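Fold and geometry: a report
This is what each chain is made of:
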Amino acid sequence: MFLKLKASLQTVYLLNTTRCSTRNIVLVSRLCVKDMAGVALLLRALRTLRPGTLDATASRLPGPGDCVLTPASCALSPAWRTTAARTLQLCSASCAGHNKWSKVKHIKGPKDAERGRMVLKFGMMIKIAVKEGGANPDMNLNLAQIVEQCRNNNLPKATIEAAIKNAEKAKPTSQHMFEARGPGGCLLLIEVLTDNNTRSHQEIKRLLTKNRAMLSDGARHNFKRRGVVFVPGQDVSTERALELAIEAGAEDVQETEDEEERPLLQFICDMAEVRQVRASLEEQGMQIASAGLEFVPRTLSTLDEDQLVAASTLIEALNDCPEVVRVWDNIQAH
């Protein structure tokens, strides 16, 4: 046994004189060592063949209870096969494809759909503004305010100009205002732009009935058409808001929320004084979120939690209707 082991080690050494032979010696040792007797024979062969490799090799020798080969190699490979087994490495980047698609599907998809609806709504608002006061924003205050809202929502200039041109050439459409009573007795104004009045009336009635609401004549009397300038209200106290309203010449200031439930201050004024109030607020260092003409409720409705959820579902369903331009309500913000 000792002579065979020595001959094997000598062969490895002679074939690897120009390379590091310690690794090859260890490979041979893994094939031969099975118990403490084998270890003793190996150390003896190393001292005889090449004393300088003993220290480098001894620290890498396996113990008596260790498996010196992989289980598959021990059972199937011949004793003279020393080629290292190929390993499969997995890169984390290669496993991230489904995660990327998940983000596209659940984040980008809904955002793209929401942005598409926003562009559609702004196009309809531009059509109504052009129909009421012409296609020149300098002569049409309502159109100018809508164009500014488009810019604040990062709509491209080309998209805005195309919408104005299309509004001038669009086929005849009619504008309607539906009055409704929703969950908890809240009042709604639903502005619609359509080329088929009967179809729009049936669709609005169906959505209202499905969400525990109904058409209600007279709801419009609870709203008044006013100019409104919206300002972020995170860091503005009530006293400061009143001072700003007085200095800007606004009739009133109210607290409300945007679609993401962030606080807003709405400065209410006459329709002809929107630009003046806006300019005054900007001079006082306020950032303008938007400005335009709105239907402002005269009285507000307070709803409980269940009624708020039902009203929110109804308003969302109405806004998803392609022919609905805007929905106004008199719900008290909590």
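Residue indices begin from 1 for each chain and proceed along its sequence in written order. In keeping with the model being predicted, local features are shown solely for residues with a pLDDT of at least 70 and side-chain atom pairs are shown and tallied solely at 80 or more, while totals for entire chains, interfaces and linings include all residues. As a rule here, side-chain values come from all non-hydrogen atoms in the structure, and water together with hydrogens is ignored.

1. Some details on the overall build of the chain
- A tally of helices and strands in the chain yields twelve helices and eight strands.
- The cut-offs for exposure are 20% and 50% of the maximum accessible area for each residue type, with area from a 1.4 Å probe on protein chains only; residues under the lower value are buried, those over the upper are exposed, and the others partly exposed. Split into buried and exposed, the 334 residues of the chain put 36% on the buried side.
- Contacts: residue pairs with any heavy atoms within 4.5 Å of one another. In the chain, once contacts between residues fewer than 6 apart in sequence are set aside, the share between residues at least 24 apart is 70%.
- We get accessible surface area from the Shrake-Rupley algorithm with a probe of 1.4 Å; when it comes to residues, only the shown protein chains can shield them. When the accessible surface of the chain is split by element, carbon and sulfur atoms take 52% of a total near 20700 Å². Strands here are runs of E lasting at least two residues and helices are runs of H or I lasting at least four, both read from the DSSP assignment and numbered beginning at the N terminus.

2. Side note on the pattern of salt bridges
- Only one rule defines a salt bridge in this text: a Lys or Arg side-chain nitrogen within 4 Å of an Asp or Glu carboxyl oxygen. Applying the stated criterion across every chain yields a total of ten salt bridges.
- A salt bridge links Glu 148 to Arg 278; the nearest nitrogen and oxygen atoms lie 1.9 Å apart. Here Arg 278 lies in helix 11 (residues 274-283) and Glu 148 lies in helix 7 (residues 141-152), a separation of 130 residues in the sequence.
- Owing to a relative accessible area of 12%, Arg 278 belongs among the buried residues under this scheme.
- Glu 323 is the salt-bridge partner of Arg 199, the closest N and O atoms lying 2.2 Å from each other. With Arg 199 in helix 9 (residues 197-210) and Glu 323 in the loop between helix 12 (305-319) and strand 8 (324-329), the pair connects residues that are 124 residues apart, well separated along the chain.
- Since its relative accessible area comes to 15%, Glu 323 is described here as buried.
- Taken together, the shared-partner salt bridges connect Glu 148, Arg 278 and Glu 282 into one network.

3. With respect to the sheet that holds strand 3 (residues 214-215)
- Pairing between strands is defined by DSSP: at least two bridges between them are needed. Read from one edge of the open sheet, four strands run 3-1-2-8, paired in antiparallel fashion. Taken across any chain shown, the strands that pair with only one partner, and hence form the sheet edges, are strand 3 and strand 8.
- Relative to strand 3, strand 1 (residues 174-181) runs antiparallel, the two being bridged by two bridges. From the neighbouring strand, Ala 180 faces strand 3, where its bridge partner is Leu 215.
- Of the strands in this sheet, strand 1, strand 2 (187-194), strand 3 and strand 8 are in contact with helix 9, which crosses strand 2 at around 150°. Here, axes are lines fitted to C-alpha atoms. For helices the fit covers the stretch in contact, and angles between N-to-C directions go from 0 to 180 degrees.

4. Brief notes about the sheet that holds strand 5 (residues 252-257)
- Read from one edge of the open sheet, four strands run 5-6-4-7, paired in antiparallel fashion. Two strands lie at the open edges of the sheet, namely strand 5 and strand 7 (290-297), each paired on one side alone. Averaged over neighbouring strand pairs, the angle between their axes works out to 40° when direction is ignored.
- Pairing between strand 4 (residues 223-232) and strand 7: eight bridges, direction antiparallel.

5. Digging into helix 12
- A helix is expected to reach a length of 1.5 Å times the quantity of its residues less one. In a regular helix each residue adds 1.5 Å, so 15 residues correspond to 21 Å; helix 12 covers 21 Å between its end C-alpha atoms and thus fits that length.
- Restricting attention to buried positions, one finds in helix 12 the residues Ala 310, Ala 311, Leu 314, Ile 315 and Leu 318. Along the long axis of helix 12, the arc covered by the buried residues comes to 135°, so they all point the same way. Of the exposed residues in helix 12, the ones pointing more than 90 degrees away from its buried face are Glu 305, Asp 306, Val 309 and Glu 316.
- The inward-facing, buried residues of helix 12 abut strand 2, helix 9 and strand 8.
- The N-terminus of helix 12 is capped by Asp 304, whose side-chain oxygen sits 3.3 Å from the backbone nitrogen of Asp 306. To be clear, the arc concerns the directions from the helix axis to the C-beta atoms. A 3.5 Å cut-off defines polar contacts: any pair of N or O atoms within that distance qualifies, except that in protein one atom must be a possible hydrogen donor and the other a possible acceptor, and neighbouring residues in sequence count only when both atoms are side-chain atoms.

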